[in-house]
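# Geometric and topological summary
Chain by chain, the residues:
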Amino acid sequence: MGRNLYILAGSLVLFAFISCGVAYTNIAQQPGSPGDVSLWRTMGLGLFVVGLLVALAGILSSLFEQAERRDEESRRAKRRR
């Protein structure tokens, strides 16, 4: 589960960097382009924040899985004694 969340977070951050890059090029400033510069920057910032939150969820998921695994191993060790 954690690995999938890391991949999702990485792709969201990549799209955030791409949208911020579009905001600083001439693509967003030409007439007829999709949206204006502030829209691209806002979308990039939003994607970046969501990517960071997903990465945090991945970290917490990995930590809880590790804690459950160690607890299970300690229970098995106590039963064997």
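Notes on the structure follow. (Residues numbered from 1 in each chain as written. Predicted model: local features only at pLDDT ≥ 70, side-chain atom pairs only at ≥ 80, totals over all residues. Heavy atoms only, no water.)

## Re the environment of Ala9
Stated precisely, the cut-off is as follows: Secondary structure elements follow DSSP: runs of H or I no shorter than four residues count as helices, runs of E no shorter than two count as strands, and numbering proceeds from the N terminus. Any pair of residues with heavy atoms lying within 4.5 Å of one another is described as a contacting pair.
Structurally, Ala9 can be placed in helix α1 (residues 2–23). In the structure, Ala9 is positioned 57 residues away from Gln66 in sequence and 20 Å away in space, judged by C-alpha atoms. When neighbours within four sequence positions are excluded, Ala9 is seen to be in contact with Gly51, Val54 and Ala55.

## Digging into helix α2 (residues 37–80)
Here is the rule we go by: Helix span, expected: 1.5 Å multiplied by one less than the number of residues in the helix. Under the scheme applied here, a residue whose accessible area is under 20% of the maximum for its type counts as buried, over 50% as exposed, and between as partly exposed, the area being computed with a 1.4 Å probe on protein chains only.
With 44 residues, α2 should reach 64 Å at 1.5 Å per residue; the first-to-last C-alpha distance of 65 Å fits that figure. Within α2 the residues assigned to the buried category are Val37, Trp40, Gly44, Gly51, Val54, Gly58 and Ser61. Residues of α2 that are buried in the fold lie against α1.

## Brief notes about α1
In this model, α1 (22 residues) spans 32 Å end to end at C-alpha, consistent with the 32 Å of a helix rising 1.5 Å per residue. For α1, the full list of buried residues reads Gly2, Leu5, Ala9, Leu12, Val13, Ala16, Ser19, Val22 and Ala23.

## Considering the packing of α1 against α2
Definition in use: As a rule, the C-alpha atoms of each element are fitted with a line to give its axis, helices using only the stretch in contact, and angles between N-to-C directions run from 0 to 180 degrees. Roughly parallel here means an angle under 35 degrees, roughly antiparallel means over 145, roughly perpendicular means 65 to 115, and every remaining angle is called oblique. The handedness criterion is simple: a crossing whose near helix is rotated anticlockwise from the far helix by less than a right angle is left-handed, and one whose near helix is rotated clockwise is right-handed. Polarity classes work like this: nonpolar for Ala, Val, Leu, Ile, Met, Phe, Trp, Tyr, Cys and Pro, charged for Asp, Glu, Lys and Arg, and polar for all others, with Gly in that last group.
At a minimum axis separation of 8 Å, α1 and α2 run at an interaxial angle of 165°. As the angle between them shows, α1 and α2 are arranged roughly antiparallel. Crossing geometry of α1 relative to α2 is assigned as left-handed. Here the residues of the contact of α1 with α2 sort into 22 nonpolar, seven polar and two charged.

Spatial relationships are all this shows, so hold off on functional conclusions.
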